[in-house]
Amino acid sequence: GQSLEQPSEVTAVEGAIVQINCTYQTSGFYGLSWYQQHDGGAPTFLSYNGLDGLEETGRFSSFLSRSDSYGYLLLQELQMKDSASYFCAVRGVSNSGYALNFGKGTSLLVTP
Amino acid sequence: NAGVTQTPKFRILKIGQSMTLQCTQDMNHNYMYWYRQDPGMGLKLIYYSVGAGITDKGEVPNGYNVSRSTTEDFPLRLELAAPSQTSVYFCASSLQGNTEAFFGQGTRLTVV
(Lines give C-alpha, C1' and ligand atoms only; values in the text may rest on other atoms or scores of the structure.)
Protein backbone atom coordinates (compact mmCIF):
# COMPACT_ATOMS: atom_id res chain seq x y z
CA GLY A 1 0.00 0.00 0.00
CA GLN A 2 0.89 3.64 0.12
CA SER A 3 0.97 6.26 2.88
CA LEU A 4 1.93 9.91 2.88
CA GLU A 5 2.56 12.16 5.86
CA GLN A 6 2.52 15.94 5.82
CA PRO A 7 1.81 18.57 8.50
CA SER A 8 -1.85 19.45 8.88
CA GLU A 9 -1.41 23.20 9.26
CA VAL A 10 1.25 25.84 8.67
CA THR A 11 1.04 29.58 9.28
CA ALA A 12 3.44 32.11 7.77
CA VAL A 13 3.70 35.83 7.23
CA GLU A 14 3.26 37.55 3.90
CA GLY A 15 6.60 37.88 2.14
CA ALA A 16 8.21 35.04 4.09
CA ILE A 17 9.33 31.58 2.98
CA VAL A 18 7.58 28.38 4.05
CA GLN A 19 8.50 24.73 3.57
CA ILE A 20 5.92 21.93 3.58
CA ASN A 21 7.39 18.48 4.11
CA CYS A 22 6.09 15.16 2.86
CA THR A 23 7.28 11.67 3.74
CA TYR A 24 5.92 8.67 1.92
CA GLN A 25 5.83 4.90 1.85
CA THR A 26 4.96 3.14 -1.36
CA SER A 27 5.52 -0.12 -3.17
CA GLY A 28 7.05 1.08 -6.41
CA PHE A 29 7.73 4.79 -6.72
CA TYR A 30 7.26 6.83 -9.84
CA GLY A 31 7.37 10.41 -8.73
CA LEU A 32 6.17 12.94 -6.17
CA SER A 33 3.78 15.71 -7.15
CA TRP A 34 2.36 18.75 -5.42
CA TYR A 35 -1.12 20.19 -5.85
CA GLN A 36 -2.79 23.32 -4.55
CA GLN A 37 -6.45 23.57 -3.61
CA HIS A 38 -8.32 26.70 -2.61
CA ASP A 39 -11.47 26.34 -0.53
CA GLY A 40 -14.29 24.90 -2.59
CA GLY A 41 -12.13 24.53 -5.65
CA ALA A 42 -10.50 21.79 -7.65
CA PRO A 43 -6.88 20.79 -7.01
CA THR A 44 -4.39 22.25 -9.46
CA PHE A 45 -0.95 20.93 -10.31
CA LEU A 46 2.11 22.76 -8.99
CA SER A 47 5.16 20.59 -9.56
CA TYR A 48 6.53 17.11 -10.15
CA ASN A 49 9.77 15.40 -9.10
CA GLY A 50 10.66 12.13 -10.75
CA LEU A 51 14.34 12.23 -9.83
CA ASP A 52 16.27 13.46 -6.81
CA GLY A 53 16.89 17.14 -6.54
CA LEU A 54 15.24 20.50 -6.76
CA GLU A 55 12.69 21.66 -9.32
CA GLU A 56 11.95 25.36 -9.52
CA THR A 57 8.85 27.00 -10.98
CA GLY A 58 8.67 30.68 -10.23
CA ARG A 59 8.09 31.27 -6.51
CA PHE A 60 7.56 27.55 -5.93
CA SER A 61 10.26 24.90 -5.66
CA SER A 62 9.98 21.21 -4.90
CA PHE A 63 12.62 18.79 -3.69
CA LEU A 64 12.85 15.03 -3.67
CA SER A 65 15.14 12.54 -1.97
CA ARG A 66 14.17 9.03 -3.00
CA SER A 67 16.63 7.40 -0.60
CA ASP A 68 14.90 9.18 2.31
CA SER A 69 11.37 8.81 0.88
CA TYR A 70 11.04 12.52 1.49
CA GLY A 71 10.17 15.63 -0.38
CA TYR A 72 9.17 19.20 0.29
CA LEU A 73 7.47 22.14 -1.32
CA LEU A 74 9.08 25.53 -0.82
CA LEU A 75 7.03 28.66 -1.29
CA GLN A 76 8.91 31.96 -1.45
CA GLU A 77 7.73 35.55 -1.24
CA LEU A 78 4.43 34.42 0.20
CA GLN A 79 1.32 36.23 -0.91
CA MET A 80 -2.12 36.27 0.66
CA LYS A 81 -3.45 34.33 -2.31
CA ASP A 82 -1.15 31.44 -1.38
CA SER A 83 -3.47 30.63 1.53
CA ALA A 84 -4.76 27.24 0.46
CA SER A 85 -4.32 23.53 1.05
CA TYR A 86 -1.28 21.83 -0.41
CA PHE A 87 -1.18 18.13 -1.15
CA CYS A 88 1.70 15.86 -1.93
CA ALA A 89 0.86 12.94 -4.17
CA VAL A 90 2.78 9.79 -4.99
CA ARG A 91 2.60 7.63 -8.08
CA GLY A 92 3.02 3.98 -7.32
CA VAL A 93 2.53 0.92 -9.43
CA SER A 94 -0.70 -0.96 -8.92
CA ASN A 95 -2.35 -3.81 -10.80
CA SER A 96 -2.93 -2.11 -14.12
CA GLY A 97 -0.77 0.97 -14.02
CA TYR A 98 0.12 3.99 -11.97
CA ALA A 99 -2.19 4.91 -9.11
CA LEU A 100 -1.93 8.54 -7.97
CA ASN A 101 -2.47 8.75 -4.21
CA PHE A 102 -2.67 11.94 -2.17
CA GLY A 103 -1.68 12.91 1.34
CA LYS A 104 -4.17 14.50 3.73
CA GLY A 105 -3.00 17.97 2.86
CA THR A 106 -1.41 20.92 4.63
CA SER A 107 -3.53 23.99 5.23
CA LEU A 108 -1.37 27.08 4.74
CA LEU A 109 -2.51 30.37 6.25
CA VAL A 110 -0.66 33.47 5.14
CA THR A 111 -1.09 36.40 7.51
CA PRO A 112 -0.38 40.09 6.88
CA ASN B 1 -10.99 23.62 -24.38
CA ALA B 2 -13.31 22.23 -21.70
CA GLY B 3 -10.78 19.96 -19.96
CA VAL B 4 -12.46 17.68 -17.41
CA THR B 5 -16.21 18.13 -17.01
CA GLN B 6 -18.24 16.64 -14.19
CA THR B 7 -22.01 16.53 -13.86
CA PRO B 8 -23.99 17.17 -11.79
CA LYS B 9 -22.35 19.82 -9.60
CA PHE B 10 -24.68 19.18 -6.68
CA ARG B 11 -26.99 16.29 -5.79
CA ILE B 12 -29.01 15.14 -2.80
CA LEU B 13 -29.80 11.45 -2.64
CA LYS B 14 -31.95 9.48 -0.28
CA ILE B 15 -30.50 6.42 1.44
CA GLY B 16 -30.74 3.42 -0.84
CA GLN B 17 -31.03 5.39 -4.08
CA SER B 18 -28.58 4.98 -6.92
CA MET B 19 -26.97 7.48 -9.23
CA THR B 20 -24.20 7.93 -11.75
CA LEU B 21 -21.69 10.74 -11.57
CA GLN B 22 -20.59 11.69 -15.04
CA CYS B 23 -17.04 12.62 -16.03
CA THR B 24 -15.76 13.41 -19.49
CA GLN B 25 -12.48 14.81 -20.76
CA ASP B 26 -11.59 16.19 -24.17
CA MET B 27 -7.80 16.05 -23.89
CA ASN B 28 -7.42 12.46 -25.16
CA HIS B 29 -5.89 11.46 -21.85
CA ASN B 30 -5.26 7.81 -21.16
CA TYR B 31 -5.53 7.93 -17.37
CA MET B 32 -8.67 8.86 -15.49
CA TYR B 33 -9.32 8.87 -11.74
CA TRP B 34 -12.14 9.23 -9.25
CA TYR B 35 -11.48 10.67 -5.81
CA ARG B 36 -13.64 11.55 -2.86
CA GLN B 37 -12.79 14.32 -0.43
CA ASP B 38 -14.42 14.59 2.96
CA PRO B 39 -14.40 17.98 4.78
CA GLY B 40 -10.90 18.98 5.85
CA MET B 41 -9.43 15.78 4.49
CA GLY B 42 -7.30 14.68 1.61
CA LEU B 43 -8.29 13.03 -1.62
CA LYS B 44 -8.95 9.32 -1.45
CA LEU B 45 -8.66 7.32 -4.64
CA ILE B 46 -11.81 5.32 -5.43
CA TYR B 47 -11.08 3.87 -8.88
CA TYR B 48 -8.81 4.66 -11.76
CA SER B 49 -8.39 3.65 -15.37
CA VAL B 50 -5.32 3.49 -17.57
CA GLY B 51 -7.28 3.32 -20.80
CA ALA B 52 -10.54 2.30 -22.38
CA GLY B 53 -11.67 -1.09 -21.11
CA ILE B 54 -9.29 -1.15 -18.13
CA THR B 55 -10.23 -0.13 -14.59
CA ASP B 56 -8.64 -0.77 -11.22
CA LYS B 57 -9.56 -0.27 -7.58
CA GLY B 58 -8.08 2.47 -5.47
CA GLU B 59 -8.03 2.88 -1.72
CA VAL B 60 -11.82 3.11 -1.10
CA PRO B 61 -13.74 1.25 -3.86
CA ASN B 62 -16.51 -0.31 -1.76
CA GLY B 63 -19.98 0.92 -2.68
CA TYR B 64 -18.88 2.21 -6.10
CA ASN B 65 -18.52 0.90 -9.61
CA VAL B 66 -16.93 2.34 -12.74
CA SER B 67 -16.69 1.63 -16.42
CA ARG B 68 -14.46 2.99 -19.19
CA SER B 69 -16.00 2.17 -22.54
CA THR B 70 -14.44 5.18 -24.28
CA THR B 71 -11.29 7.26 -23.77
CA GLU B 72 -13.39 10.33 -22.99
CA ASP B 73 -15.85 9.06 -20.38
CA PHE B 74 -15.38 7.56 -16.93
CA PRO B 75 -18.70 7.42 -15.05
CA LEU B 76 -18.87 6.53 -11.35
CA ARG B 77 -21.89 4.54 -10.19
CA LEU B 78 -23.20 4.59 -6.64
CA GLU B 79 -25.50 1.71 -5.80
CA LEU B 80 -27.60 1.82 -2.62
CA ALA B 81 -26.36 5.19 -1.42
CA ALA B 82 -25.40 5.48 2.25
CA PRO B 83 -24.77 8.55 4.44
CA SER B 84 -21.08 7.60 4.55
CA GLN B 85 -20.93 8.44 0.84
CA THR B 86 -21.71 12.08 1.52
CA SER B 87 -18.64 13.78 0.11
CA VAL B 88 -17.20 15.86 -2.71
CA TYR B 89 -16.24 13.72 -5.67
CA PHE B 90 -13.50 14.77 -8.05
CA CYS B 91 -12.72 13.27 -11.40
CA ALA B 92 -9.26 13.78 -12.90
CA SER B 93 -7.33 12.78 -15.99
CA SER B 94 -3.70 12.66 -17.08
CA LEU B 95 -2.02 11.88 -20.36
CA GLN B 96 0.20 9.22 -18.89
CA GLY B 97 0.80 7.78 -15.45
CA ASN B 98 3.56 10.21 -14.59
CA THR B 99 2.18 13.44 -15.95
CA GLU B 100 0.12 16.28 -14.54
CA ALA B 101 -3.42 15.42 -13.49
CA PHE B 102 -6.24 17.80 -14.42
CA PHE B 103 -9.28 17.91 -12.18
CA GLY B 104 -12.94 18.60 -12.77
CA GLN B 105 -14.79 21.07 -10.58
CA GLY B 106 -16.28 18.38 -8.38
CA THR B 107 -19.69 16.95 -7.53
CA ARG B 108 -21.04 17.73 -4.07
CA LEU B 109 -23.15 14.76 -3.00
CA THR B 110 -25.28 14.56 0.12
CA VAL B 111 -26.99 11.33 1.14
CA VAL B 112 -29.86 11.78 3.62
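Preceding this section is the structure that the text describes.
Source: prediction; values computed, not measured.

A.B. asks: Explain the nonpolar core residue by residue, including any values.
C.D. replies: Grouped burial of nonpolar side chains is what soluble globular proteins tend to show. One finds Val 18, Leu 32, Trp 34, Leu 75, Leu 78, Tyr 86 and Leu 108 of chain A to be the most contacted residues of the largest nonpolar core, which totals 21 residues. If you list the elements that add at least two residues to this core, you get strand E2 (9-13), strand E3 (18-25), strand E4 (32-37), strand E7 (60-65), strand E8 (70-75), strand E9 (84-93) and strand E11 (106-111) of chain A. Contact partners of Leu 108 of chain A, with chain neighbours within four places excluded, come to Val 10, Val 18, Leu 75, Leu 78, Asp 82, Ser 83, Ala 84 and Tyr 86 of chain A. Counting 20 residues, the second largest nonpolar core, distinct from the first, contains Leu 13, Met 19, Leu 78 and Ala 81 of chain B.

A.B. asks: Requested: an account of the pairing of strand E5 (residues 43-51) of chain B, with residues and values cited.
C.D. replies: Successive side chains on a regular strand alternate, one facing one side of the sheet and the next facing the other. Residues and elements named next belong to chain B. Of all 9 residues making up E5, 8 are buried, and the element is well covered by its neighbours. Pairing between strand E4 (residues 31-37) and E5: 6 bridges, direction antiparallel. Note on E5: the bridge partner recorded for Met 32 is Ser 49. Turn length for the E4-E5 hairpin, with the two strands adjacent in sequence and antiparallel, is 5 residues, and the turn residue Gly 40 shows positive phi of about 70 degrees. Of the pairings in the sheet, the one linking E5 to strand E6 (residues 54-57) comprises 3 bridges and is antiparallel in character. Each bridged residue has a counterpart across the sheet, and for Tyr 47 the counterpart in E6 is Lys 57. The antiparallel pairing of E5 with E6 creates a hairpin that spans 2 residues between the two strands, and Gly 53 there sits at a positive phi of about 85 degrees.

A.B. asks: Could you give an account of the state of the cysteines, naming the residues involved and the relevant values?
C.D. replies: Chemically, a disulfide is nothing more than a covalent bond linking the sulfur atoms of two cysteines. Residue and element names in this part refer to chain B. Counted by the stated rule, this structure contains 2 disulfides over all chains. Cys 23 shares a disulfide with Cys 91; S-S distance 1.8 Å. A torsion of -70 degrees about the S-S bond marks the disulfide between Cys 23 and Cys 91 as left-handed. With Cys 23 in strand E3 (residues 19-25) and Cys 91 in strand E9 (residues 87-94), the pair connects residues that are 68 residues apart, well separated along the chain. Just as Cys 23 is buried, Cys 91 falls in that class too.

A.B. asks: Let's hear about the sheet that holds E3 of chain B: which residues, and what values?
C.D. replies: Residues and elements named next belong to chain B. Taken in spatial order, the 4 strands of this open sheet run E1-E3-E8-E7, and their pairing is antiparallel. Two strands in the sheet have a free side with no partner beyond their single neighbour: strand E1 (4-7) and strand E7 (64-66). Adjacent strand axes in the sheet meet at a mean angle of 20 degrees, parallel and antiparallel pairs treated alike.

A.B. asks: If you had to explain the sheet that holds strand E6 (residues 53-57) of chain A to someone new, which residues and values would you point to?
C.D. replies: All names here are of chain A. On the basis of which strands lie adjacent, the open sheet formed by 5 strands has the order E1-E3-E8-E7-E6 and antiparallel pairing. Only two strands of the sheet have a single neighbouring strand rather than two, namely strand E1 (3-5) and E6. Taking the axes of each pair of neighbouring strands and ignoring which way they run, one obtains an average angle of 20 degrees across the sheet. By the bridge criterion, 5 bridges tie E6 to E7 in an arrangement that is antiparallel. Bridging from a neighbouring strand, Thr 57 pairs with Phe 60 of E7.

A.B. asks: I'd like to hear about the side chain of Arg 68 of chain B, residue by residue, with values.
C.D. replies: Residues and elements named next belong to chain B. With respect to the helices, strands and loops of the structure, Arg 68 is situated in the loop between E7 and strand E8 (76-78). Here Arg 68 is buried and forms no salt bridge, its nearest opposite-charge partner Glu 72 lying at an N-O distance of 7.4 Å. A polar side-chain atom of Arg 68 sits 2.8 Å from the main-chain carbonyl oxygen of Asn 30. Side-chain polar atoms of Arg 68 contact the side chain of Ser 49, separated by 2.7 Å.

A.B. asks: Quick one: what's the story with the interface of chain B and chain A, residue by residue and with numbers?
C.D. replies: At the interface, 24 residues of chain B touch 22 residues of chain A. Of the roughly 1800 Å² buried at the junction of chain B and chain A (both faces included), carbon and sulfur atoms supply 52%. In this structure, the connection of chain B to chain A is made through 7 residue pairs in polar contact (both at pLDDT 80 or more). Elements with a contribution of two residues or more to the side of chain B that touches chain A: E4, E5, E6 and E9 of chain B.

What counts, and at which threshold
- Residues numbered from 1 in each chain as written.
- Chains lettered and ligands numbered in written order.
- Predicted model: local features only at pLDDT ≥ 70, side-chain atom pairs only at ≥ 80, totals over all residues.
- Heavy atoms only, no water.
- Core = buried A, V, L, I, M, F, W, Y, C linked by side-chain atoms within 4.5 Å.
- Buried < 20%, exposed > 50% of the residue type's maximum accessible area, 1.4 Å probe, protein only.
- Helix = DSSP H or I, 4+ residues; strand = E, 2+ residues; numbered from the N terminus.
- Contact = heavy atoms within 4.5 Å.
- Pairing = 2+ DSSP bridges.
- Disulfide = S-S within 2.5 Å.
- Axes fitted to C-alpha atoms, helices over the stretch in contact; angles between N-to-C directions.
- Lys, Arg positive; Asp, Glu negative; His and termini not counted.
- Salt bridge = Lys/Arg side-chain N within 4 Å of Asp/Glu carboxyl O.
- Polar contact = N/O pair within 3.5 Å; in protein donor to acceptor, adjacent residues only side chain to side chain.
- Buried area = accessible area lost by both parts, 1.4 Å probe.

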